[in-house]
Amino acid sequence: MLNRLETDRMVVRRLTTEDAEFMLDLLNQPSFHRFIGDRGVKTLDQARTYIEERAIAGYEKNSFGPFAVELKKDGSVIGIVSLLDRDELEDVDIGFAFLPAHWRQGFALEASSALMEYAFSDLGLDRIIAVTQTDNIASIKTLEKMGLAYEGVVRLAAEGPDLQLYAVNR
Ligand SMILES: CC(C)(COP(=O)(O)OP(=O)(O)OC[C@H]1O[C@@H](n2cnc3c(N)ncnc32)[C@H](O)[C@@H]1OP(=O)(O)O)[C@@H](O)C(=O)NCCC(=O)NCCS
């Protein structure tokens, strides 16, 4: 189970309820609402509950979940990278979201590549996928730089939007 991964500039670690303030901020970014969704988390208490139910409970059950990305230089939490085992998809899904102040500095690519490598070498996965909206250029470019390639269109719900499926096989 993932406790901690290090890259040159970051630490990827489990979320704790002490990250509630950061999570409240991230989940309410317009970019998060637009490209991922509104999780309805509007208070610090709700953010703590979200972390308990969506992150910590998952760490207990399996090796998946959202993880915090912390900058080594000052310890600040700047984003999340996640491995999710969604019911709607056959393969494990990799995801990422960062606070806008930290975009375009290669952080998503660096942290997600380390998580992907962990998923292949430590968890023994042989395929990783990602789903993204067709107009999410930042996400698509990041996935392509990580080595994932476009495979087609999927929907997570019958009424949901068409999403682009990206994948990489070990
Ligand atoms: C997607 C996201 C995590 C990318 O984070 P980031 O740290 O800015 O990404 P990186 O700096 O590692 O960029 C990786 C590559 O993607 C490309 N890229 C990133 N943002 C881009 C943008 N806005 N426009 C065009 N290309 C972009 C660049 O090619 C970059 O490589 P380069 O630095 O060599 O040019 C960030 O935009 C985000 O948090 N968006 C909101 C949440 C979201 O959409 N998550 C994905 C849901 S599927």
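Look above for the structure.
In this report, we go over the structure that sits alongside the text. (Residues numbered from 1 in each chain as written. Predicted model: local features only at pLDDT ≥ 70, side-chain atom pairs only at ≥ 80, totals over all residues. Heavy atoms only, no water.)

Surrounding the ligand, one finds 22 residues, the nearest of these being Phe96, Arg104, Gly106, Asn136 and Lys145. Residue Gln105 places a main-chain N or O atom 3.3 Å away from an oxygen atom belonging to the ligand. Backbone polar atom of Ala108 to an oxygen atom of the ligand: 3.1 Å apart, as the coordinates give it. In the complex, 80% of the free accessible area of the ligand, which totals 920 Å², lies under the protein chains. Ranked by residues supplied to the shell around the ligand, first place goes to helix α5 (residues 137–146) with six residues. Grouping the amino acids of the shell around the ligand by side-chain chemistry returns 12 nonpolar, seven polar and three charged. (Near = heavy atom within 4 Å. Polar contact = N/O pair within 3.5 Å; in protein donor to acceptor, adjacent residues only side chain to side chain. Areas by Shrake-Rupley, 256 points an atom, 1.4 Å probe, with all protein chains shown as cover. Helix = DSSP H or I, 4+ residues; strand = E, 2+ residues; numbered from the N terminus. Nonpolar A, V, L, I, M, F, W, Y, C, P; charged D, E, K, R; others polar.)

Counting buried positions along strand β3 (residues 65–71) yields seven of seven residues, so the element is predominantly enclosed. Of the pairings in the sheet, the one linking strand β2 (residues 10–14) to β3 comprises five bridges and is antiparallel in character. Counted as the bridge partner of Arg13 is Ala68 from β3. Both β3 and strand β4 (residues 77–84) contribute to a ladder of six bridges, which runs antiparallel. Looking at the pairing, Gly65 lines up with Leu83 of β4. Hairpin remark: β3 followed by β4, antiparallel, with five residues in the connecting loop; positive phi at Gly75, about 75 degrees. (Buried < 20%, exposed > 50% of the residue type's maximum accessible area, 1.4 Å probe, protein only. Pairing = 2+ DSSP bridges.)

What follows concerns the nonpolar core. Counting residues in each nonpolar core, the largest one holds 52 residues, and the members touching the most others are Met23, Val81, Phe98 and Leu115. By residue number, the principal contributor to this core is helix α4 (residues 107–121), which donates nine residues. Residues in contact with Phe98, not counting those within four places in the same chain, are Leu26, Val69, Ile78, Gly79, Ile80, Val81, Trp103, Phe107, Ala108 and Ala111. Counting residues in each nonpolar core, the second largest holds seven residues, with Leu89, Ile129, Leu163 and Leu165 among its members. (Core = buried A, V, L, I, M, F, W, Y, C linked by side-chain atoms within 4.5 Å. Contact = heavy atoms within 4.5 Å.)

Attention shifts here to helix α3 (residues 44–61). Here α3 contains 18 residues, and its C-alpha end-to-end distance of 25 Å stays within 8% of the 26 Å for a straight helix at 1.5 Å per residue. Residues Ala47, Tyr50, Ile51, Ala55, Gly58 and Tyr59 constitute the buried set of α3. Looking at the buried positions of α3, the neighbouring elements they touch are β2, α1 (20–27) and β3. (Expected span 1.5 Å × (residues − 1).)

Phi is positive for Arg104, close to 60 degrees, though the residue is something other than glycine. The topology assignment puts Arg104 in the loop between β5 (92–98) and α4. The exposure class assigned to Arg104 is exposed, which follows from its relative accessible area of 85%.

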